[in-house]
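Chain by chain, the residues run as shown.
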Protein chains: 2
Amino acid sequence: MQSKINYPIIIETIGLLLMIEGMFMFLSLPFSIYYQQPDLSRILLFTPGYDFWPLVVSGAATFISGGTLFLIYRNAPKAMSKREGYIIVSLSWIIISFFGALPFFLGGMSGYSDAFFETMSGFTTTGATILQDIESVSEGLLFWRSLTHWIGGMGIIVLSLAILPILGIGGMSLFVAEVPGPTPDKLHPRITATAKRLWGIYVLLTLIETVFLMFGGMNLFDGLSHAFATMATGGFSTRNASIAAFSPYIQYVIIVFMVLAGTNFTLHYLALHGKLKEVFRNEEYKYYLIVLGLSSIIIGLVLFFNTDLPFEKAIRDSLFQVVSIVTTTGFITSDYLMWPGFLWMLIFLLMFTGGSAGSTGGGIKIMRQLLIFKNSFLELKRIIHPNAIIPVRFNGRAVPSNVIYNVMAFFVIYLIIFGISTLLMSLMGLDFETSIGSVAACLGNIGPGIGNVGPVDNYAAIPLAGKWFLSFLMVLGRLELFTVLIILSPAFWRQ
Amino acid sequence: MQSKINYPIIIETIGLLLMIEGMFMFLSLPFSIYYQQPDLSRILLFTPGYDFWPLVVSGAATFISGGTLFLIYRNAPKAMSKREGYIIVSLSWIIISFFGALPFFLGGMSGYSDAFFETMSGFTTTGATILQDIESVSEGLLFWRSLTHWIGGMGIIVLSLAILPILGIGGMSLFVAEVPGPTPDKLHPRITATAKRLWGIYVLLTLIETVFLMFGGMNLFDGLSHAFATMATGGFSTRNASIAAFSPYIQYVIIVFMVLAGTNFTLHYLALHGKLKEVFRNEEYKYYLIVLGLSSIIIGLVLFFNTDLPFEKAIRDSLFQVVSIVTTTGFITSDYLMWPGFLWMLIFLLMFTGGSAGSTGGGIKIMRQLLIFKNSFLELKRIIHPNAIIPVRFNGRAVPSNVIYNVMAFFVIYLIIFGISTLLMSLMGLDFETSIGSVAACLGNIGPGIGNVGPVDNYAAIPLAGKWFLSFLMVLGRLELFTVLIILSPAFWRQ
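Residue positions within a chain follow its written sequence, with the count starting from 1. Each chain gets a letter, beginning with A, and each ligand a number, beginning with 1, in the order they are written. Residues qualify for local features only when their pLDDT is at least 70, as the model is predicted, and side-chain atom pairs are given and counted only at 80 or more; totals for whole chains, interfaces and linings, by contrast, use all residues. Based on all heavy atoms of the structure, the side-chain values leave hydrogens and waters out of the count.

Visitor: What is the right way to read helix α12 (residues 265-272) of chain B from this model?
Guide: One turn of the α-helix equals 3.6 residues, which is why residues spaced by three or four share an orientation. Those residues of α12(B) not exposed but buried are B:Phe265, B:Thr266, B:Leu267, B:His268 and B:Leu270. With a side-chain oxygen positioned 2.9 Å from the backbone nitrogen of B:Thr266, the residue opening α12(B) is B:Asn264. Summary of the burial criterion: residues with accessible area below 20% of their type's maximum are buried, those above 50% are exposed, and those between are partly exposed, where the area comes from a 1.4 Å probe applied to protein chains only. Only DSSP runs of H or I covering at least 4 residues are called helices, and only runs of E covering at least 2 are called strands; the numbering of each starts at the N terminus. Polar contacts, as counted here, are pairs of nitrogen or oxygen atoms within 3.5 Å of one another; within protein the pair requires one atom able to donate a hydrogen and one able to accept it, and residues that are adjacent in sequence qualify only if both atoms are side-chain atoms.

This is the structure we're talking about:
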């Protein structure tokens, strides 16, 4: 572990990722051409608000930069330890966002900082936006914006179900019970196999959702964009009103797919292989459904009895917002800040739930909460019976104490970062609610928060330093804290 | 442990405590007589605002009730296990508050709920008040109010340094290293010995502070009242303006004694025996002083550069409020809610610090924070070196993992209770800041919070159900959560 860091393999991998990113950028071109009906004058000039050339130039620059790195370092020694893993994971999200911001920057977005914030928000599947009028942005750029979600979601699934367990991060090893133990020398083939299996499900679900959305009247552009944002638990919409702009049918479709996106993808794999019993025996899944159901019912009933909303609308609004926040998607059909105070405070608390481990959802994660709750309440039993050994059980098995330690540490560090970050945001002049709202929403990869970054607001008015800091929080939260913190710790760099 | 509960010994003990409480009530009579110069008509009638008869009747009722219970059960079998311990500790605080509220109730306070809230706030050394005009209340009652702090403080010292470690609560066993391990059959003599030793220090410090305060111009009544409230980290003052009503000299005296009151009393004992080296080697003490110093300097400098306060006043205001909040005293010399937002948010975060373990301070406690922080950051090392065993070290010794588990569980349960309670308070119609402020201040035994229960406000406007609920939070926080939660858990009552 403490051998020399193999930098060439790091650069080679990131080069490869940039090449892939560049190719993805070109996927937006058909929409750019279709919607803009380009004429010669516009193609020749970098007209703001027109996205053909920005996409082409960005795609080419990204592909060529990546290709150059890859070519130079393609003969890198393939030996990769956990150390290189931490660096690649952390760096790749940052570097990919730097390049991913190019289309927005060249396409006329308000400065590079805003473009970077939007891109990081996309790749981390946060969905916080600085756009004040989304509908004025051209389709090609919006499609790239939605694609960043989808690419980020792909990265997260593989990260959480194949890479992080090997790296020993965040107690995630609990989730790959069916995968054999860490064998760093076989890192590549294992990750590749897992990736293929899970990406198949991810692509399949995205396509099915697109069909359902188009069946409800969306065109291909809107259907794909929203399916990308749903399956990645991202939250970017193509409309200013988010999902409130669409029919109840579409809202229900998105609710269903948000729930699926916030589910551990291993369970989808099991379900596809007919092992439904195992799926419904999964404790995290049960707890996840209970949290969603219970919160939705409580909020729905309070809304129904305290507003003049019809019953179906009250339940739908409640269900949509609860699912959107818990899965950390961040789509909106109703401004929860206009609800009775008790309800939006409940929504705020749900921001500390997060999706299931092994899903595309961010935040603390249901699995960790469950382990923490269990362990805390078992402590009462341990005090009453001080000589008994009372382990936490999860899915019928005793959880090793090092996993409990890890999960607890995650929770504590999450809250410490939340507290300090809130202070820093307030130092930039934000009020109390906006400070805690923006931090909770970005660290948890949710998108909308409370205060001035609520569901019908955006992040445009956040000071520049705040945007960079929130971008950092997004990647910190997205990479399960430890991945980034380890790199920032002196112990990591000591030989 | 799972034998039959020895109820007679529980009742006998509580009877004894009530007798002591009754006698303490009579201690207020000299002040009642001196300040009211009673005449016959007032003595014969229960004149509201006049406190002679309320004190006499309450004292007699409490003493006689306690005495009756004690006499009936004085032959109770002396066998006492941890089980009886949990019940006695939890019940005694509640029953003593029920009786302690009598003087206020009979003395004309706005209803029994208010009287109970004020008393529980006193005994738990919280210092949250429902009084809107403290100076209109007669001296006898105010003295009893301050005495509830002081009695509560006596209880807490013995509880945290002698009783809880034996009961295995909250990782407190770390602090009684010099005391031999649990020997339940020798519970009584050990607790008595510890109590005597520590109460001596408590009484001594209280007297010294009184002298210093009187030297600064306070009369005996004000001097004793404020010394009681300081040494118990309570926070009840006899003035509407709290300590802002007094000179800078008095403010500095109170700062010093708040710091002393928030220090582990074992350290005072060591210091008195000349073992100063051990005191300053104590990690919790160092961390405590660093938190106080650093926060005071930051806030003081920001205040100085952002307001027109003179330097000394800015530092003094900062120091006073920081020490008051961290030690969970709750005295006030400046309305921190009028400070720049960043500063009062820092103050709010400090509400989650708490005094030292083994002090009269409440809250999460410095010791727990230190262990949690250490363990969380060691987790980074553990991930980097997955095969190394890296224990948390405290005062040079490895901390057993069951203590870490316990401390982590405490922290998590504290936050869960904080979250749920905030929701419940908002359900009663309180706004966001008042909800989180009142819960943070009562669960942490601080007193002033944020929102409408800020430093220059009071708890009078909290709905009735809220007052009872906050009273429950005070005792829950004061008794280190577990003591109360264990009694509420079914496992405790199962044979």
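Visitor: For this particular structure, what's the right way to read helix α8 (residues 139-167) of chain A?
Guide: Residue and element names in this part refer to chain A. What a helix should span is 1.5 Å times the count of its residues minus one. Here α8 is 29 residues long and its end C-alpha atoms lie 39 Å apart, about the 42 Å a rise of 1.5 Å per residue gives. At any given residue, the bend is defined as the angle formed between two axes, one fitted to the seven residues that end at that position and one fitted to the seven that begin there. Leu159 marks the point of greatest bend in α8, at about 50°. Of all 29 residues making up α8, 27 are buried, and the element is well covered by its neighbours. Taken from the residues just after α8, Gly168 is the one with a positive phi, measuring 80°.

Visitor: Please clarify how the relation of the copies chain B and chain A should be interpreted in this entry.
Guide: Both copies of the chain are placed relative to one another by a rotation about an axis and a shift along it. Superposition of the copies used a least-squares fit over C-alpha atoms from residues whose pLDDT is at least 70 in both. Here chain B sits on chain A after a turn of 180° about the axis and a move of 0.0 Å along it, with an RMSD of 0.0 Å. What we have between these two chains is a two-fold relation. No C-alpha of chain B lies nearer the rotation axis than that of B:Met408, which sits 3.5 Å from it. Both copies present the same face, since 100% of the interface residues in chain B are matched by interface residues at the equivalent positions in chain A. Working rule for contacts: check all heavy atoms of both residues, and any pair within 4.5 Å makes them a contact.

Visitor: Would you mind going over the packing of helix α7 (residues 112-123) of chain B against helix α20 (residues 464-478) of chain B with me for this structure?
Guide: Geometry of a packed helix pair, given as the angle between the helix axes and the separation of the axes. Residues and elements named next belong to chain B. Axes here refer to lines fitted to C-alpha atoms; in helices the fit is confined to the stretch in contact. Angles between the N-to-C directions go from 0 to 180 degrees. Two numbers describe how α7 lies on α20: the axes approach to 9 Å, and their chain directions differ by 20°. Comparing the axis directions of α7 and α20 gives the class roughly parallel. In the packing of α7 onto α20, the handedness of the crossing is left-handed. Across the interface between the two elements, Tyr112, Ser113, Asp114, Phe116, Phe117, Met120 and Ser121 of α7 pack against Leu464, Lys467, Trp468, Leu470, Ser471, Met474 and Val475 of α20. The nonpolar class holds Ala, Val, Leu, Ile, Met, Phe, Trp, Tyr, Cys and Pro. Asp, Glu, Lys and Arg form the charged class, and all remaining residues, Gly among them, are polar. Among the residues making up the contact of α7 with α20, the classes are represented as nine nonpolar, three polar and two charged. Between 65 and 115 degrees an angle is taken as roughly perpendicular, under 35 as roughly parallel, over 145 as roughly antiparallel, and anywhere else as oblique. Crossings are classed by handedness, with left-handed meaning an anticlockwise turn of the near helix from the far one by less than a right angle and right-handed meaning a clockwise turn.

Visitor: Help me out: how do you make sense of the packing of helix α18 (residues 401-427) of chain B against α20(B) in this one?
Guide: All names here are of chain B. One way to put it is that α18 packs onto α20 with a least axis distance of 11 Å and a crossing angle of 170°. Taken together, α18 and α20 sit at an angle that is classed as roughly antiparallel. When α18 is examined against α20, the residues Ile417, Ser421, Leu424 and Met425 are found in contact with a partner set consisting of Gly466, Phe469, Leu470, Leu473 and Leu476. Tallied by class, the residues present in the contact of α18 with α20 amount to seven nonpolar, two polar and no charged.

Visitor: Is there a simple way to think about the environment of A:Met214 in this case?
Guide: Residues and elements named next belong to chain A. With respect to the element layout, Met214 can be found in helix α9 (residues 187-215). For Met214, a relative accessible area of 35% corresponds to the partly exposed category. As a C-alpha pair, Met214 and Ile250 span 36 residues in sequence and 9.0 Å in three-dimensional space. Among all residues touching Met214, those that are not within four sequence positions of it are Asn219 and Leu220.

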